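Topology and contacts: notes
Read off the chains here:
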Amino acid sequence: MTKDLAVVLDCGATNIRAIIIDKTGKVIAKYAVNNNSRPDPINEEYTIWDLDEIIDKLSYCSQKVIELVDHKRIASIGISTFGVDGAFVDENGELISPVISWKCARTISVLNNIDTYFSKQDLLMKTGVGSFSFNTINKLIWYKENQEETINTAKYWLFISSLIGHQLTGEFYTDHTMAGTSQLCKLVSQDFDDEILNKIGLSRDLFPKMKYAGEQVGLLHAKGAQLLGLPENIPVKSIGHDTQFALFGAGVDLKNAVLSSGTWEILMVQAKEVYLKPELEQYGITVEFDPAKGFYNIGLQWMASANIEWVKNTFYSDLPEDKVYQVMIEDAMNSNLTEDIYSPKLQPDQDINISAQLTSSRGDIFKSCMQSISDQLKKAVSILEEVSNFKVDQITVVGGGAKNAYWNQLKANKTGLRIQTIQEKETTVLGASFFLFEESSEVIRENYKYDFSSFTPEELEVNA
């Protein structure tokens, strides 16, 4: 029988899902439940993930969907998760530390004092990863400074995708794309950096063998088969960081950038080369490992729809939720504003500033808000082109912002680039599935039928 189905176990910060997808990219079945972080029992101000709860929920979701298909058609299983988080385990794979959440406050002070070990600019130049308190390096420094005995007794550090994978196969491994989020790896070699590890007192042996996207990590063993409701010996393959596979699923390549547009906007490109400069650290630039071995994803992020929500709540609170965005867009389109009067909040430590006149309308303010955020996209394109040494031809927008046609048209006008929105909502799962069959991931992606809507610069008619 043809092995034309793959199972993607997706552990996100908000939802835990099991999805069955076929070789053409069609979702055959899916089931989801909520995911929740928990207070750490040792300190309620700290935040962790409950691994047993996550495994139970993945088991429940899997058993809901696999009963709908013929198990003999399943080619393999992949696990996608959020980045940076993980835990120390013993030789049996049992946790000897909690899974510290990226939401946890305990690592903020570590980042504030990171220059005890490294300068932020040196870390950027060496690893490519921007300075964020949730980075894996900050978690490990916290253990060194507060619970060094945990490090000394550990067999391995496993990222959360590998913690789940070990529960299914009994194998210890490191997902390559997860390692790329850690700020522990050398940008050039895409492997753990001995100098960084030595400075924080860690051994390279703490990190098991690297597995690349689509590489088999093991076979589903008896306990894993019982958890998922599947037969034993189905291959489990390395997937890893959900962002990288969402990009691949959205069609990112050496000319097509992808913009994830929501509360934050994250513009990312795929690149063969990276030309970083220390001064770019202030812009929040980060470089992670693309699923394609030897390639990179270079990204910049800034706050986006958070600004829109502020304008809505401040100037449009009189309108019902089902009509407010339509009115906001109509007001902006009717505005004759020629100069921007809104300075957006692009990073958490910034403030919103408005230089409005008595004659300024709320439509003027919203138009300026949208234009200012679109200007930031133009700046980001320029920076990423410089760092990656290639020219962006078009931008594919995914996420909530993809639904706002007025905004997409502004983006096209400001950047001078073709903007396209993708109708596929499951880009993470789609991208992961491309690596879960015998055929080349690139071949499967080339055969996928994308459905795009396009916006070209200077078009006057916009369907709000």
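Throughout what follows, the structure given in this document is the object of discussion. (Residues numbered from 1 in each chain as written. Predicted model: local features only at pLDDT ≥ 70, side-chain atom pairs only at ≥ 80, totals over all residues. Heavy atoms only, no water.)

1. A closer look at the overall build of the protein
Quick reminder of the rule: The helix and strand labels rest on DSSP assignments: H or I over at least four residues marks a helix, E over at least two residues marks a strand, and numbering proceeds from the N terminus. Throughout, radius of gyration means the C-alpha value; the globule benchmark is 2.2 Å times the number of residues raised to the power 0.38. Classification of residues uses two cut-offs on accessible area relative to the type maximum, computed with a 1.4 Å probe and protein chains only: under 20% is buried, over 50% is exposed, and between them is partly exposed. Residues are treated as being in contact if the distance between any of their heavy atoms lies within 4.5 Å. Residues scored as positive are Lys and Arg, those scored as negative are Asp and Glu, and His as well as the terminal groups of each chain are ignored. Charged groups are reduced to one reference atom each: NZ for lysine, CZ for arginine, CG for aspartic acid, CD for glutamic acid.
On a plain count of helices and strands, the protein comes out with 16 helices and 24 strands. For a compact globule of 464 residues, the expected C-alpha radius of gyration is about 23 Å, and the protein comes in at 23 Å, within 12% of that figure. With respect to the three principal axes, the spread of C-alpha positions in the protein is 70 × 55 × 45 Å. Looking at the protein as a whole, 57% of its 464 residues qualify as buried. The long-range share in the protein, meaning contacts at least 24 apart out of those at least 6 apart in sequence, stands at 71%. Charged side chains in the protein number 43 positive and 63 negative. The centres of these two groups are separated by 4 Å.

2. Details of helix 1 (residues 51-66)
Each α-helix turn comprises 3.6 residues. Residues three or four places apart therefore point the same way. Applicable threshold: By this rule, a helix spans an expected 1.5 Å times one less than how many residues it contains. Identification of polar contacts relies on pairs of N or O atoms within 3.5 Å, with a donor-acceptor requirement for protein atoms, meaning one able to donate a hydrogen and the other able to accept it, and with residues adjacent in sequence counted only if both atoms are side-chain atoms.
Under the 1.5 Å per step criterion, the end-to-end length of helix 1 is 22 Å for 16 residues, consistent within 8% with the ideal 22 Å. Taken as a whole, helix 1 has its buried residues at Leu-51, Glu-53, Ile-54, Ile-55, Lys-57, Leu-58, Ser-59, Cys-61, Ser-62, Val-65 and Ile-66. One side-chain oxygen of the residue at the start of helix 1 lies 3.1 Å from the amide nitrogen of Asp-52, identifying that residue as Asp-50.

3. Here's the deal with the pairing of strand 1 (residues 5-11)
We count it as follows: A pair of strands is treated as paired once DSSP finds two or more bridges between them.
Summarising burial for strand 1: seven of the seven residues are buried, a large majority. Of the two faces of strand 1, the one carrying Leu-5, Val-7, Leu-9 and Cys-11 and the one carrying Ala-6, Val-8 and Asp-10 are both buried. For strand 1 and strand 6 (residues 74-81), the ladder comprises seven bridges, and the chain directions are parallel. Across the sheet, the residue bridging to Ala-6 is Ser-76, located in strand 6. Examined bridge by bridge, strand 1 and strand 2 (residues 15-22) share seven bridges and lie antiparallel to one another. Bridge pairing links Leu-9 to Ala-18 in strand 2. What sits between the antiparallel neighbours strand 1 and strand 2 is a turn of three residues.

4. Remarks on the packing of helix 11 (residues 305-315) against helix 12 (residues 321-334)
To keep it simple, the criterion reads: For helices, the fitted line uses only the C-alpha atoms of the stretch in contact; every axis is such a line through C-alpha atoms, and the angle between N-to-C directions lies from 0 to 180 degrees. Each angle receives one of four descriptions, namely roughly parallel if under 35 degrees, roughly antiparallel if over 145, roughly perpendicular if within 65 to 115, and oblique otherwise. Classification used: nonpolar for Ala, Val, Leu, Ile, Met, Phe, Trp, Tyr, Cys and Pro, charged for Asp, Glu, Lys and Arg, polar for all others including Gly.
Across the interface, helix 11 lies against helix 12 with an axial gap of 11 Å and an inter-helix angle of 105°. Judged by the angle between their axes, helix 11 and helix 12 are roughly perpendicular. Contacts from Ile-308, Glu-309, Val-311 and Lys-312 of helix 11 reach helix 12 at Glu-321, Val-324, Tyr-325 and Met-328. Residues belonging to the contact of helix 11 with helix 12 are distributed by class as follows: five nonpolar, no polar and three charged.

5. Overview of the packing of helix 11 against helix 13 (residues 362-388)
Their axes nearest at 10 Å, the elements helix 11 and helix 13 cross at an angle of 170°. Considered as vectors, helix 11 and helix 13 are oriented roughly antiparallel to each other. Contact with helix 11, carried on its side by Asn-307, Ile-308, Val-311 and Phe-315, involves Arg-362, Ile-365, Phe-366, Cys-369, Met-370 and Ile-373 of helix 13 and no other residues of that element. Per-class residue counts for the contact of helix 11 with helix 13 are eight nonpolar, one polar and one charged.

6. Some points on the side chain of Gln-270
Topologically, Gln-270 is positioned in strand 17 (residues 264-271). In this structure Gln-270 comes out as buried when scored by relative accessible area, which is 5%. For Gln-270, the side chain forms a polar contact with the side chain of Asp-290, separated by 3.0 Å. Sequence-distant contacts of Gln-270, that is, excluding residues within four places in its chain, are made with Val-252, Asp-253, Leu-254, Asp-290, Ala-292, Phe-295, Tyr-296, Asn-297 and Phe-390.

7. What to know about the packing of aromatic side chains
This is how the line gets drawn: Two rings from Phe, Tyr or Trp (for Trp, the six-membered ring) form a pair when their centres sit within 6.5 Å of each other. Planes less than 30 degrees apart are called stacked, planes more than 60 degrees apart edge-to-face, and all others tilted. Remark: a charge is flagged as sitting over a ring if the NZ atom of Lys or the CZ atom of Arg is within 6 Å of the ring centre and within 35 degrees of the ring normal.
Inspection of the entire model under this criterion finds 20 aromatic pairs. A ring pair is formed by Trp-157 and Phe-159, whose centres lie 6.3 Å apart and whose planes are at 85°; its orientation type is edge-to-face. On the basis of relative accessible area, Trp-157 is assigned to the buried category, the value being 1%. Three or more aromatic residues link up through ring pairs in this structure, and these residues are Phe-245, Phe-248, Phe-434, Phe-435, Tyr-448, Tyr-450 and Phe-452. The ring of Tyr-212 carries the charged tip of Lys-293 above its face, separated from the ring centre by 4.3 Å. Positioned above the aromatic ring of Phe-248 is the side chain of Arg-445, whose terminal nitrogen or guanidinium carbon lies 4.0 Å from the ring centre.

8. Details of the nonpolar core
Counted only if it meets this: Side-chain atoms within 4.5 Å are what join buried Ala, Val, Leu, Ile, Met, Phe, Trp, Tyr and Cys residues into a set we call a nonpolar core.
Judged by nonpolar contacts, the single largest core of 125 residues is most densely connected at Leu-267, Ile-285, Trp-302 and Ile-395. In terms of residues, this core owes the most to one element, helix 13, which gives 11 residues. Among residues more than four places away in sequence, those in contact with Leu-267 are Ala-257, Val-258, Leu-259, Ile-298, Gly-299, Leu-300, Trp-302, Leu-377, Ala-380, Val-381, Leu-384 and Ile-395. Ile-21, Ala-213, Phe-245 and Phe-434 belong to the second-largest nonpolar core, a separate cluster that totals 18 residues.

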